[in-house]
Each structure stands twice: as C-alpha cells, then as structure tokens.
Amino acid sequence: MAIAFKKGDQVRQVVPVIEGKVVDVAIVDGDVQFCVEYIGTDGEPHQRFFTEAEIEKAAEA
C-alpha cells in the first residue's frame, strides 16, 4: 500500500464548494439561516441551511 503523504507535508482538506440560490430564510435555534438549493456532485438537486457566516454572495454568471 502506497502512502500519499509523508510526515511534514503541508496539506489541505478537499471540500466540494456548494453554490446555488437562496430559496428560503428561517429562524433556526434563534439564528437566521438561509436555505440554499444546489446541484450536488451526484447531479441531483439538494437543499441545505447555512448561517450568514457560512456563505457569501457569488459572482453573477
């Protein structure tokens, strides 16, 4: 088994970027959250809630 990284390598987490449209705004546990609709890596539509600190406005296409 080959090891991809060695001790001391600088690495970063691979995280897919979710980009979509805000389709709802709700108060969840006392916090304003935004429901974002997006197409997942599986090609299917999904929805997920984010706090304001977790998202930012994307550039217009």
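The preceding data block contains the structure.
If you're wondering where the values come from, they're calculated on a predicted model, not measured in any experiment.

### Remarks on the overall build of the protein chain
And then number 1: Each helix and strand in the protein chain was counted, giving 0 helices and 3 strands.
And then number 2: Starting at the N terminus and walking to the C terminus, you meet the elements of the protein chain as β-β-β.
And then number 3: Scaling as 2.2 N^0.38, a compact globule of 61 residues should have a C-alpha radius of gyration of about 10 Å, whereas the protein chain reaches 17 Å, well beyond that.
And then number 4: Projected onto its principal axes, the C-alpha coordinates of the protein chain cover approximately 45 × 30 × 25 Å.
And then number 5: Every one of the 61 residues in the protein chain was classed for burial, and the buried ones make up 11%.
And then number 6: Of all intrachain contacts in the protein chain linking residues separated by at least 6 positions in sequence, the fraction that spans at least 24 positions is 7%.
And then number 7: Per element, the accessible surface of the protein chain, about 6,000 Å² overall, is 52% carbon and sulfur.
And then number 8: The protein chain carries 6 positive and 12 negative side-chain charges, and their two centres are separated by 13 Å.

### Notes on unusual backbone geometry
And then number 1: Phi is positive for aspartate 29, close to 55 degrees, though the residue is something other than glycine.
And then number 2: Examined against the element boundaries, aspartate 29 turns out to sit in the loop between strand 1 (21–28) and strand 2 (31–39).
And then number 3: Residue aspartate 29 is classed as exposed on the basis of its relative accessible area, which comes to 79%.

### Notes on the layout of surface pockets
And then number 1: By volume, the largest pocket is sized at about 580 Å³.
And then number 2: In terms of lining residues, the largest pocket is bounded by 19 residues, among which Ile18, Glu19, Gly20, Glu56 and Ala58 are the most central.
And then number 3: For the lining of the largest pocket, the secondary-structure elements that each account for two or more residues are strand 1 and strand 3 (45–51).
And then number 4: In terms of residue class, the lining of the largest pocket is built from 11 nonpolar, 1 polar and 7 charged.

The rules behind these values
Residues numbered from 1 in each chain as written. Predicted model: local features only at pLDDT ≥ 70, side-chain atom pairs only at ≥ 80, totals over all residues. Heavy atoms only, no water. Helix = DSSP H or I, 4+ residues; strand = E, 2+ residues; numbered from the N terminus. Rg over C-alpha atoms; globule rule 2.2 N^0.38 Å. Buried < 20%, exposed > 50% of the residue type's maximum accessible area, 1.4 Å probe, protein only. Contact = heavy atoms within 4.5 Å. Areas by Shrake-Rupley, 256 points an atom, 1.4 Å probe, with all protein chains shown as cover. Lys, Arg positive; Asp, Glu negative; His and termini not counted. Charge placed at Lys NZ, Arg CZ, Asp CG, Glu CD. 1 Å grid on protein atoms, 1.4 Å probe; cavity = no way out; pocket = protein on both sides within 12 Å on 5 of 7 lines; lining within 4 Å. Points joined across faces, edges and corners; volume = space filled by probe spheres on them. Nonpolar A, V, L, I, M, F, W, Y, C, P; charged D, E, K, R; others polar.

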